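Coordinates in review
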Amino acid sequence: MSGNYSSEVDVMVTAIILSGGSGSRLGSDIPKQYIEVAGKPVISYCLETLFNSRFIDSVLIVAAENWQEYISKKVSKLNNNGKFIGYALPGKTRQLSIYNGLKAIEKYALQNPEHYVFIHDAARPLLSENDIASYVTAARGHDGVLPVLPMKDTVYLSDDGMQISSLLNRKKVFAGQAPEFFVYKKYLDANERLITWSMSSNGTDKLIAPDSDIYMINGSTEPAIMAGMDICIVPGNESNFKITTAEDFARFKIVIRKRCSADEEMES
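Residues numbered from 1 in each chain as written. Predicted model: local features only at pLDDT ≥ 70, side-chain atom pairs only at ≥ 80, totals over all residues. Heavy atoms only, no water.

Let's shift gears to the side chain of Ser19. By the secondary structure assignment, Ser19 is in the loop between β1 (12-18) and β2 (36-37). Given the relative accessible area of 1%, Ser19 is considered buried. At a separation of 2.9 Å, a polar atom in the side chain of Ser19 contacts the side chain of Tyr34. Among residues more than four places away in sequence, those in contact with Ser19 are Gln33, Tyr34, Ile43, Ile61, Val62, Ala63 and Ala122. (Helix = DSSP H or I, 4+ residues; strand = E, 2+ residues; numbered from the N terminus. Buried < 20%, exposed > 50% of the residue type's maximum accessible area, 1.4 Å probe, protein only. Polar contact = N/O pair within 3.5 Å; in protein donor to acceptor, adjacent residues only side chain to side chain. Contact = heavy atoms within 4.5 Å.)

Have a look at this one:
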């Protein structure tokens, strides 16, 4: 990073925030990342942390065009320290949204061979500066970092979804979290290896073919692993949960309510 990250290495970090989800599993008419809690939309919580982080140089948001004006108004109320650099449009899948974000910063990111991308979900609002510091620092000597959580329950494998095939060693099985952290150029190349290009019917536009392998990706780190990138794992943070269901949203509101109460007590 250009600022306080390290005097030993000159790296740059761009955070790509995925904010294209519809929130359908939450059962809301408004995408969950734009629902307001304590006077701020969910997305503002992680943005505030990233804008204030000494480890992050710039922030790009992947969001539907009809929400960009709303986000811009909210960003203007935050001290973004000149880090907000714009938008990319969501893709048909999460991984294509990431790819759109990677391409949106390409000219900027390729200016520095030590440019990293920090991929985070707008629906994970409780990201902390300690999380960011841990993941960025762990990246030294590696191509990327994946925070993980241990499996608490016994884990079984079923080949057909009906019968148990085997018992897995839960000490060797982990649940991946966001944010994920990668060397930009290597990760961009890893994604582009999964894309087959085709031409539009009028022969003027290059399109991602529907049979491209990138459509089959289930997790953001998968392209990196497939490309042979060196990805280390570090302990994740259970507090940095993703809001997916109504129960998750209720849990987040309880956390914010407690924070607000604590702030009021300190001020009194």
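On to the side chain of Glu180. For Glu180, the position within the fold is in strand β11 (residues 180-183). Within the buried core, Glu180 has no salt-bridge partner, and the shortest N-O distance to an opposite charge, that of Arg94, equals 4.2 Å. Separated by 3.1 Å, the side chains of Glu180 and Ser220 make a polar contact. Separated by 3.1 Å, the side chains of Glu180 and Thr221 make a polar contact. (Lys, Arg positive; Asp, Glu negative; His and termini not counted. Salt bridge = Lys/Arg side-chain N within 4 Å of Asp/Glu carboxyl O.)

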